[in-house]
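# Descriptive analysis of the structure
For reference, the chains in residue letters:
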Amino acid sequence: MENIRIELTKTPKAKPEIKGIPFGTHFTDHMFLLDYEKGRGWFDPRIVPYGPISLPPSAMVFHYAQEIFEGLKAYRTPAGGIQLFRPEENIARMAASCERLCIPEIPAELFLAALKKLVEVERDWVPAEPSASLYLRPFVIATDPHVGVHVSHGYLFAIIACPVGSYYPEGMSPVKILIEAEDVRAVRGGTGTAKCGGNYAASLRAQERAGELGYSQVLWLDGVHREYIEEVGAMNVMFKLGGKIVTPALLGTVLPGITRKSCIELLRGWGYVVEEREISVTELLLAIDSGDLEEAFGTGTAAVISPIGEIAYAGKTHEVSGFQIGELTQKLYDTLTGIQWGTAPDPYGWCVRVC
Ligand SMILES: *Cc1c(COP(=O)(O)O)cnc(C)c1O
């Protein structure tokens, strides 16, 4: 594979004030691009000025949604260095998404080199404010100019980057969630375990409806019985129940989150029993109402940990943890963010230094 070619912008942008910029709205000066053609493989890795991508209206991604993405962050440490959190996990998950969507896999070494090089080129864009970071969004789109359903022969892989402020500018606070009984996010054999845009398109209606009712996220149930809990919005979900941690097992519909995996590893390291299993909405609501449910939270790269303070189902609301942040929820948040921002030890060697 060739070296990454770099073409620097002649018109660098002013850096926005990090405080108050909405997530994912301000992009850096450069982006990484890599092309694919059948017979030739992936070629021409390059970092070029950030700007529009030109595609024919017939490009397959517009019609058949052959698209996948990833999300990770670059963090500035107190010493001024920059690091990534478990990027090899994102690379492995992208490979799994590629396989599901019939997209040729991106060579792992090149993918990691591209992440590091882009962050290095954009190092001045990695914010130093507390809890701020540079969000990285790798994605692949099918580019064949062909309105006809088949596996595309051409692809574009890109990485764009945007500085993001703290997810909790006012401090971490519990959210209200609504159990969605009608729409489903995924079914076994579908694309629920792949990080593909199509899953999100299908989730918008429920998210909109929940928003109108004053809920910030949807709690998804399984598509067969509408009974087993799967995820909360675009996060995995965990419950502290009778002293143990319970989280839905990865049985083919739940997205295998890297924050989820990291929480499980931390929790087991602290001596907790973590059960990856099916958990029904009946069991959950009974546990809330009997007081057995001690804590509930979502896990994902954007928010890291999102405490759940209220769950609504079938017209009834159920308060969780007295609408307070649970002790373990807070400990997981502090530990993970400490590792990610380099303010706490990294006992598992999860961070990868960029510069
Ligand atoms: C990305 C994502 C998650 C969280 O994954 P992380 O690797 O922890 O960021 C959870 N659920 C869905 C549906 C996702 O797309």
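As shown above, the structure is provided for reference.
So, a few notes on the structure that sits alongside this text. Quick caveat, the model's predicted, so the values are computed rather than measured. (Residues numbered from 1 in each chain as written. Predicted model: local features only at pLDDT ≥ 70, side-chain atom pairs only at ≥ 80, totals over all residues. Heavy atoms only, no water.)

### Remarks on the overall build of the protein chain
On a plain count of helices and strands, the protein chain comes out with seven helices and 18 strands. For a compact globule of 355 residues, the expected C-alpha radius of gyration is about 20 Å, and the protein chain comes in at 21 Å, within 12% of that figure. Dimensions of the protein chain, computed from C-alpha atoms along their principal axes, come out at roughly 60 × 50 × 35 Å. Counting over 355 residues, the protein chain shows a buried share of 52%. Partitioning the contacts of the protein chain with sequence separation of at least 6, the portion at a separation of at least 24 is 71%. For the protein chain, the exposed surface amounts to about 15,700 Å²; the carbon and sulfur share of it is 53%. The centroid of the 33 positive side-chain charges in the protein chain is displaced by 4 Å from the centroid of its 43 negative side-chain charges. (Helix = DSSP H or I, 4+ residues; strand = E, 2+ residues; numbered from the N terminus. Rg over C-alpha atoms; globule rule 2.2 N^0.38 Å. Buried < 20%, exposed > 50% of the residue type's maximum accessible area, 1.4 Å probe, protein only. Contact = heavy atoms within 4.5 Å. Areas by Shrake-Rupley, 256 points an atom, 1.4 Å probe, with all protein chains shown as cover. Lys, Arg positive; Asp, Glu negative; His and termini not counted. Charge placed at Lys NZ, Arg CZ, Asp CG, Glu CD.)

### So, the packing of aromatic side chains
Counted under the stated rule, the structure contains 13 aromatic pairs. A ring pair is formed by Tyr75 and Trp341, whose centres lie 4.7 Å apart and whose planes are at 80 degrees; its orientation type is edge-to-face. Here Trp341 lies in the loop between α7 (327–340) and β18 (351–353) and Tyr75 lies in strand β5 (residues 72–76), a separation of 266 residues in the sequence. The pair formed by Tyr75 and Trp341 is uniform in burial state, with each residue classed as buried. Across the ring face of Phe43, the terminal group of Arg40 is positioned such that the distance to the ring centre comes to 3.6 Å. Note that Lys331 overlies the ring of Trp270, its terminal NZ or CZ placed 4.1 Å from the centroid. (Phe/Tyr/Trp six-rings, centres within 6.5 Å; stacked < 30°, edge-to-face > 60°. Lys NZ or Arg CZ within 6 Å of the ring centre and 35° of its normal.)

### With respect to helix α2 (residues 87–100)
Between its terminal C-alpha atoms α2 stretches 20 Å, which fits the 20 Å expected from 14 residues at 1.5 Å a residue. For α2, the complete set of buried residues consists of Pro87, Glu89, Asn90, Ile91, Arg93, Met94, Ala95, Ser97 and Cys98. Taken from the residues just after α2, Cys102 is the one with a positive phi, measuring 60 degrees. (Expected span 1.5 Å × (residues − 1).)

### Re a nonpolar patch on the surface
Residues Tyr64, Val147 and Val149 make up a contiguous nonpolar surface patch of roughly 300 Å² in combined accessible area. Secondary-structure assignment places Val147 in the loop between β7 (133–142) and β8 (154–164). (Patch = residues over 30% accessible without salt bridge, like charges linked within 9 Å, V, L, I, M, F, W, Y side chains within 5 Å. Salt bridge = Lys/Arg side-chain N within 4 Å of Asp/Glu carboxyl O.)

### Quick word on the site of the ligand
The ligand sits among 14 residues. The nearest are Lys195, Tyr200, Glu231, Thr259 and Thr301. Contacts to the ligand include Ile258, whose backbone N or O atom sits 2.8 Å from an oxygen atom. For the ligand, whose accessible area on its own is 380 Å², the fraction buried by protein is 96%. Split into classes, the residues belonging to the shell around the ligand amount to five nonpolar, five polar and four charged. (Near = heavy atom within 4 Å. Polar contact = N/O pair within 3.5 Å; in protein donor to acceptor, adjacent residues only side chain to side chain. Nonpolar A, V, L, I, M, F, W, Y, C, P; charged D, E, K, R; others polar.)

### Section: the environment of Ile91
Its place among the elements puts Ile91 in helix α2. In the structure, Ile91 is positioned 169 residues away from Arg260 in sequence and 16 Å away in space, judged by C-alpha atoms. If near-sequence neighbours (up to four positions away) are discounted, Ile91 is found in contact with Ala108, Phe111, Leu112 and Leu115.

### Examining unusual backbone geometry
One non-glycine residue with positive phi stands out, namely Arg86, at about 50 degrees. For Arg86, the position within the fold is in the loop between β6 (82–85) and α2. We note that Phe323 has phi near 55 degrees; this positive angle belongs to a residue other than glycine. In this structure, Phe323 sits in the loop between β17 (316–319) and α7.

### Points about the environment of Leu115
Among the structural elements, Leu115 can be located in helix α3 (residues 108–121). The residues contacting Leu115, other than those within four sequence positions of it, are Leu72, Leu84, Pro87, Ile91, Leu136, Pro138 and Ile159.

### Observations concerning the pattern of salt bridges
Per the counting criterion, the structure on display carries 19 salt bridges. Close ionic contact of Asp44 with Arg46 constitutes a salt bridge, the shortest N to O distance being 3.5 Å. Residue classification places Asp44 among the partly exposed positions, given a relative accessible area of 24%. Using a relative accessible area of 12% as the deciding quantity, one classes Arg46 as buried. Among the charged side chains, a network of salt bridges with common partners joins Arg5, Asp35, Asp44 and Arg46.

### Considerations on the pairing of strand β3 (residues 41–49)
Burial of β3 is extensive: seven of the nine residues sit out of reach of the surface. Where strand β1 (residues 5–6) and β3 come together, two bridges link them in parallel fashion. Paired with Arg5 across the bridge in β3 is Arg46. Where strand β2 (residues 30–37) lies against β3, seven bridges are found, and the strand directions are antiparallel. (Pairing = 2+ DSSP bridges.)

### A few points about the packing of α2 against α3
Where α2 meets α3, the axes come as close as 10 Å, and the angle between the chain directions of the two elements is 130 degrees. The angle between α2 and α3 places the two elements in the oblique class. Judged by the twist between their axes, the crossing of α2 over α3 is right-handed. In this structure, α2 uses Pro87, Ile91 and Met94 to contact α3, whose residues at the interface are Ala108, Phe111, Leu112 and Leu115. (Axes fitted to C-alpha atoms, helices over the stretch in contact; angles between N-to-C directions. Parallel < 35°, antiparallel > 145°, perpendicular 65-115°, else oblique. Left-handed = near helix turned anticlockwise from the far one by under 90°.)

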